[in-house]
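An overview of the molecular structure
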Amino acid sequence: MTGTRPKPEASAAGVLRVAVDCPLRTLLDYLPPPGESAPDLPLGARVQVPFGPRSAIGVIVAQAQGSALPGRRLKAISALLDREPLLNAGLLELLQWTAGYYHHPPGEVIAAAIPAALRAGQSALAQERWLEITAAGLHASLSGEPRRALRQRELLKMLAERPAGISLTQLDALAPGARPAARALSKRGWSRFTARAADDSAATPALMATPRSAAMAAAPELSAAQALAVEAIDAAAGRYGAFLLHGVPGSGKTEVYLRAVARCLERGANALVLVPEIGLTPQLLERFRARLPVRMAVLHSALSDGERLAAWREARSGRARVVIGTRSAVFAPIPGLGLITVDEEHDSSYKQQEGGCRYSARDVAVRRAQQAAVPVVLGSATPALESLHNVQLGRYRPLPLPRRADQAAAPRLALIDLRAHAVHQGLAGPVTQAIGRHLAADGQVLVYLNRRGYAPTLLCTSCGWIAPCSECDARLTVHREAAQLRCHWCGATQPLPARCGRCGFAVKPVGQGTERIAETLAAMFPDAPLLRLDRDTARGAADVEAVMNALLDGSARILVGTQMVTKGHHFPGVSLVAVINADQGLFSTDFRAAERLAQTIVQVAGRAGRGARAGEVLIQTEYPEHPLLQSLINGGYEAFAAGALAERAAARWPPFSRLALLRASGRSAADALGFLRAARECAGDRPPVRFLGPVSAAMARRAGRHHAQLLLEHAGRLELQRFLEAWLELVGRLRESRRVRWAIDVDPLDIQ
Ligand code: ADP
Ligand code: ZN
Ligand code: ZN
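Residues numbered from 1 in each chain as written. Chains lettered and ligands numbered in written order. Predicted model: local features only at pLDDT ≥ 70, side-chain atom pairs only at ≥ 80, totals over all residues. Heavy atoms only, no water.

1. Describing the coordination of the zinc ion (ligand 3)
Taken together, the protein donors to the zinc ion (ligand 3) comprise C469 (SG), C472 (SG), C487 (SG) and C490 (SG), at separations of 2.2 to 2.3 Å. For the zinc ion (ligand 3), the 4 donor atoms in the first shell make angles of 105 to 114° at the metal, so the coordination geometry reads as tetrahedral. C472 gets classed as buried once you look at its relative accessible area, which sits at 3%. (Donors = N, O, S within 2.8 Å, 3.2 Å for Na, K, Ca; no water. Tetrahedral: all angles 85-135°; square planar, octahedral: opposite > 155°, others 65-115°. Buried < 20%, exposed > 50% of the residue type's maximum accessible area, 1.4 Å probe, protein only.)

Here it is, written out as structure tokens:
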């Protein structure tokens, strides 16, 4: 299926293969700038290149003897922006591997790994502002100018004595308050401000590890299981090894990361610590700061461009010894990398789901560890089935932490049959009774419901009309506090109507969201302070932190929330957890829904309990006899996982096969499906992969576009990769592709 390339034309100066931020699936060939020869230009350096009618900044990825392009069509690099590589060889290789594995344009993958300011051509080194004297200034100073401004005259004299200039930091120290004078001199043309690279050479790792041990928090004595884990990771230093640290919430996984990172630092190497959520970075950073006397850099998506650039430079220079970050931090430049840890490795936020290259930061982390020959630790209370399978295959070494560090007993899980009890506003009798009992016994209550808003449906009680989104196939969610109807798919909002849009009769909200459950519970238990935590109440990490603190200090007694409550925090005072609706995960068309449900239940259950007081967990369901729920209740996550893996093997789903999903959206169903059909056809009559589809997505119309998909399956990763390589080349050239937006998702998490 591949076209044959013309024979490369030799070129005396050699050719450079450059990644330019554009949707092309290939690197672009350029000649070296005049007077330079290709082998002298560093790989990983940025260059300015002519690109169509404009000029672009790219990164040199490879050198070549010749190009498939005829010599006269080859253009020369217009400028070399870095003498030292911006990206070192290891990182460059990792980025290319990522582009190749996820079949995404390499220029875009590399660009996404570089802070915006550097993509615009700014220096890779940290910058400092300097003040220096001009020739005119020197002249003026010699003749005693400016006569009437004393401060300016003194400053000019000072600058004349320092022809190399002075950094503003130094100036502030030597002559406090001299900045207005400096500005005035610069206006006269007697001095000028410049930007210079800060001195990176002083930042050797050993010097930065300023020992602050005296102020450091004391480390707890490790349990036997923790000690074994730390020793195993430490013993793997200097070579590749993947570990699955598997322990219930509160079993001391974070303590193991901390110790393993400390050992890594002692060896003089640096560490990369990945967390799934921005909201968890401050918490983890605090814990690491309290224990490790080194500089750390934090990288996540909520940073401003300036903050990201600063953190990136800290990491790249080696000044930061530990880099803590979310998904994209897996591409952080880290010299002397010695260890990678991935907390909550099952978390779906490690996978980029929309836009750009759809990579899994966990899987890229494992790849990075392989390339750098360092250990990688994946930790979770509820490992992904893929990871458990990798343990079975002997690819990952298991490090079990069987007990909670605080000795709390395991929570007791029970199913509440929604068909067998009176249900008031979504709450079954036994659940409300249990809430009352726990509040009376000084406990706290956590209520989990994966649906925000007041009610998922607004219904006309006369004609049956349901408020729809005009742009999506979705129903609009009622948000009563905001007095709005909102579409959770496209974000559209409108005022909450009092009457039916069709017949004018009264409408009523049907079903429960967090807002409504909170309202019901507040009315039932007026003396218990209640808080809600979902994307409507918490906009940023600070809001989440405030709610968590209120629960920790006891000022809140009931917390109602979405997925956000299942992550990171441990609440010793919580004695009861209620899961309002388990059934969304039981009968989904997505084969991963059950795994996600089990993970959520175990994670939310793990938030509760302290000491001898075991937490109680009540799960509302209409299907208490469902085998998945039964195995989870009776055998825990391990039993569930064993059953679920057997089902996956029988159905040939991952991890027993490899998937890729070709997604497309167009103005009409015909456009989207037509493209996917053509894509399937261009693979020939007997393709080496199994195709499923094309079909419209479960929520087909979203924001006015029709979404559809074509699933590809093969038992072997390599075979699937090889097929995609050749096939996507053809897909990109299909006439039908011009009418759609399409993207390939390798190892998709969400296949609905
Ligand atoms: P996880 O990351 O598995 O949820 P953590 O490392 O956060 O667990 O540990 C849970 C709690 O137990 C924390 O408050 C931690 O300080 C404490 N802890 C962890 N290990 C020990 C230990 N060996 N001895 C005493 N307390 C510990
Ligand atoms: Zn009506
Ligand atoms: Zn919508």
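Resuming the write-up.
2. Observations regarding the confidence of the model for the protein
For the protein, mean pLDDT is 89; residues scoring 70 or higher make up 95% of the total. Element-level mean pLDDT values for the protein span from 34 in helix 8 (residues 205-208) up to 98 in helix 13 (residues 361-372). With pLDDT under 50 throughout, residues 1-11 is counted as low confidence; its partners more than four residues away or in other chains account for 19 contacts. pLDDT under 50 marks residues 200-213. Its contacts with residues more than four places away, or in other chains, come to 20 contacts. (pLDDT = per-residue confidence, 0-100. Helix = DSSP H or I, 4+ residues; strand = E, 2+ residues; numbered from the N terminus. Contact = heavy atoms within 4.5 Å.)

3. Looking at the nonpolar core
In a soluble, globular protein the nonpolar side chains are often hidden away together inside. Residues L87, I110, I340, L662, L712, L724 and W727 are the most contacted members of the largest nonpolar core, which totals 115 residues. Apart from residues lying up to four places away in sequence, L724 is in contact with H103, A660, L712, I744 and V746. Among the nonpolar cores identified, the runner-up in size contains 33 residues, and A229, L285, M296 and V298 belong to it. (Core = buried A, V, L, I, M, F, W, Y, C linked by side-chain atoms within 4.5 Å.)

4. Some points on the coordination of the zinc ion (ligand 2)
Tetrahedral coordination by four donors places them ideally at 109.5 degrees to one another around the metal; octahedral coordination by six donors ideally gives 90 or 180 degrees. Taken together, the protein donors to the zinc ion (ligand 2) comprise C460 (SG), C463 (SG), C500 (SG) and C503 (SG), at separations of 2.2 to 2.4 Å. With 4 donor atoms in place around the zinc ion (ligand 2) and angles of 102 to 115° between them, the coordination shape is tetrahedral. Sequence positions of the residues that donate to the zinc ion (ligand 2) give the spacing C-x2-C-x36-C-x2-C. With C460 in strand 21 (residues 457-460) and C503 in the loop between strand 24 (493-495) and strand 25 (507-510), this pair connects stretches of sequence that are 43 residues apart.

5. Observations regarding the site of ligand 1
Lining the immediate surroundings of ligand 1 are 15 residues, of which E221, Q226, G250, T254 and R287 lie closest. Interatomic distance of 2.9 Å between a backbone N/O atom of G252 and an oxygen atom of ligand 1. A distance of 2.8 Å separates an oxygen atom of ligand 1 from a polar side-chain atom of R287. Here ligand 1, which alone exposes 550 Å², has 67% of that area covered by the protein. It is helix 10 (residues 253-266) that contributes the most residues to the shell around ligand 1, 3 residues altogether. Across the shell around ligand 1, the residue classes tally to 5 nonpolar, 6 polar and 4 charged. (Near = heavy atom within 4 Å. Polar contact = N/O pair within 3.5 Å; in protein donor to acceptor, adjacent residues only side chain to side chain. Areas by Shrake-Rupley, 256 points an atom, 1.4 Å probe, with all protein chains shown as cover. Nonpolar A, V, L, I, M, F, W, Y, C, P; charged D, E, K, R; others polar.)

6. Brief notes about the environment of H479
Mapped onto the elements of the fold, H479 is located in strand 22 (residues 477-479). Separated by 23 residues in the primary sequence, H479 and P456 place their C-alpha atoms 9.0 Å from one another. Within polar-contact distance, the side chain of H479 engages the side chain of H488 at 2.9 Å.

7. A word on the packing of aromatic side chains
Counted by the stated rule, this structure contains 10 aromatic pairs. Taken together, a centroid distance of 5.1 Å and an interplanar angle of 10° make the contact between W97 and Y101 stacked. Of the two residues, W97 and Y101 both sit in helix 1 (residues 89-101), 4 residues apart, roughly one turn of that helix. Here F675 and W742 contribute two aromatic rings whose centre-to-centre distance is 6.0 Å and whose plane-to-plane angle is 35°, an arrangement assigned as tilted. Here W742 lies in strand 33 (residues 740-746) and F675 lies in helix 20 (residues 669-681), a separation of 67 residues in the sequence. In this structure W742 comes out as partly exposed when scored by relative accessible area, which is 22%. (Phe/Tyr/Trp six-rings, centres within 6.5 Å; stacked < 30°, edge-to-face > 60°.)

8. Overview of the sheet that holds strand 33
Pairing is antiparallel in the open sheet, where 4 strands are placed in the order 31-32-30-33. Only two strands of the sheet have a single partner each, and these edge strands are strand 31 (690-702) and strand 33. Neighbour-to-neighbour, the strand axes of this sheet turn through a mean angle of 20°, independent of strand direction. Pairing analysis gives 9 bridges linking strand 30 (residues 658-666) to strand 32 (residues 705-714), with the strands arranged antiparallel. The residue of strand 32 that forms the bridge with L659 is E713. (Pairing = 2+ DSSP bridges. Axes fitted to C-alpha atoms, helices over the stretch in contact; angles between N-to-C directions.)

9. Let's talk about the pairing of strand 30
Among the 9 residues that make up strand 30, 8 are buried, leaving the element largely enclosed by the rest of the structure. Both strand 30 and strand 33 contribute to a ladder of 7 bridges, which runs antiparallel. Pairing of L661 across the sheet is with D745, part of strand 33.

10. Some thoughts on the sheet that holds strand 26 (residues 530-533)
One open sheet accounts for 6 strands, arranged 17-29-28-20-27-26; its pairing is parallel. With partners counted over all chains shown, the strands left at the sheet margins are strand 17 (412-417) and strand 26, one partner each. The mean angle between the axes of side-by-side strands here comes to 20°, regardless of whether they run parallel or antiparallel. Here 6 bridges tie strand 17 to strand 29 (residues 616-621), and the two strands are oriented parallel to one another. In the strand pairing of strand 29, D417 is matched with T621. Contacting strand 17, strand 20 (444-448), strand 27 (558-561), strand 28 (574-579) and strand 29, helix 15 (residues 429-440) crosses the sheet at an angle of about 160° to strand 29. Across the sheet, helix 18 (residues 593-605) lies against strand 17, strand 20, strand 28 and strand 29, angled at about 165° from strand 20, the strand it touches most.

11. Considering helix 15
Over its 12 residues, helix 15 runs 17 Å from end to end, which matches the ideal 16 Å to within 8%, given 1.5 Å per residue. Listing the buried residues of helix 15 in full gives G429, V431, T432, A434, I435, H438 and L439. Positive phi shows up at D442, right after helix 15, with a value of about 70°. (Expected span 1.5 Å × (residues − 1).)

12. Digging into the packing of helix 10 against helix 11 (residues 281-291)
Any two packed helices are characterised by how steeply their axes cross, that is the angle between the axes, and by the distance between the axes. Close contact between helix 10 and helix 11 brings their axes to 11 Å; oriented N to C, the two are set at 45°. For the element pair helix 10 / helix 11, the angle class is oblique. Considering only the axes of helix 10 and helix 11, their crossing is right-handed. Residues T254, E255, Y257, L258, R259 and V261 of helix 10 touch helix 11, and the partners they reach there are L284, R287, F288 and R291. (Parallel < 35°, antiparallel > 145°, perpendicular 65-115°, else oblique. Left-handed = near helix turned anticlockwise from the far one by under 90°.)

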